[in-house]
Amino acid sequence: MAWIRDSTPPGLSITSAIPPVFPSYATVLVPNKDEGRAADLDVLLRLLGEQSPDQPWWLGYLETGADDVVFADAPRVTLYADWRYVLVQATPAEAGRWRADLGSWRAPGPDLVFPADHSWLVSWLWDDDWRCVGGPAALVGRLLDQPLLQVRRVGLHEDATPPGHVAR
């Protein structure tokens, strides 16, 4: 996990969540509560699966103390501002099934997800209402083309905070 931990300093740029190793970056808003959360996650996971169809993914679930821990006995890694994540290897299909409570204050799905080859990374910092994405330009382009998703391309040194939202 050093490739994430050592390259994501605190701040407002996309590199606070995504290492500066990808050709393209974006933010994807997380819909409020039940209003489209399941469909939003399905589209996002489908596009990620198309990007890396034949490899396992790493899924990270943040231990917040405020919600159930997915896989309580799994190993932990420390990332970002010393936050502890449960990290498990899984299939893309499993990414949408674990932690799927749409009524929770947390968005469904993992807080961190990337394929075995590290060709892209999606990270949802638990106190923000958007996910950060880094990966190939084609992946970000596909995200931008989805009418269901609220996606904004972000430059490497830009403030990643979507307009009208507040970084915490």
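If you're wondering where the values come from, they're calculated on a predicted model, not measured in any experiment. (Residues numbered from 1 in each chain as written. Predicted model: local features only at pLDDT ≥ 70, side-chain atom pairs only at ≥ 80, totals over all residues. Heavy atoms only, no water.)

This part takes up the pairing of strand β2 (residues 57-62). For β2, the buried fraction is high: 5 of the 6 residues fall into the buried class. Two elements, β2 and strand β4 (residues 83-90), share 6 bridges in a ladder whose sense is antiparallel. When the bridges of β4 are listed, Gly60 appears paired with Leu87. (Buried < 20%, exposed > 50% of the residue type's maximum accessible area, 1.4 Å probe, protein only. Helix = DSSP H or I, 4+ residues; strand = E, 2+ residues; numbered from the N terminus. Pairing = 2+ DSSP bridges.)

The next thing to look at is the side chain of Ser52. Here Ser52 shows up in the loop between α2 (37-51) and β2. By relative accessible area, which is 2% here, Ser52 ends up buried. Within the structure, the side chain of Ser52 is placed 3.1 Å from the side chain of Trp120, a separation counted as a polar contact. When near neighbours in sequence (up to four residues on either side) are disregarded, Ser52 contacts Trp57, Pro115 and Trp120. (Polar contact = N/O pair within 3.5 Å; in protein donor to acceptor, adjacent residues only side chain to side chain. Contact = heavy atoms within 4.5 Å.)

Take the packing of aromatic side chains next. Between two aromatic rings, the relevant description is the distance of the centres plus the angle of the planes. Considering all chains together, one arrives at 6 aromatic pairs under this definition. Taken together, a centroid distance of 6.4 Å and an interplanar angle of 75 degrees make the contact between Trp3 and Phe22 edge-to-face. With a gap of 19 residues between them, Trp3 in helix α1 (residues 2-5) and Phe22 in the loop between α1 and β1 (24-29) connect regions that are remote in the sequence. Using a relative accessible area of 9% as the deciding quantity, one classes Phe22 as buried. On the basis of an interplanar angle of 75 degrees and a centroid distance of 6.3 Å, the ring pair of Phe22 and Tyr25 is categorised as edge-to-face. As far as burial versus exposure is concerned, Phe22 and Tyr25 are alike and both buried. (Phe/Tyr/Trp six-rings, centres within 6.5 Å; stacked < 30°, edge-to-face > 60°.)

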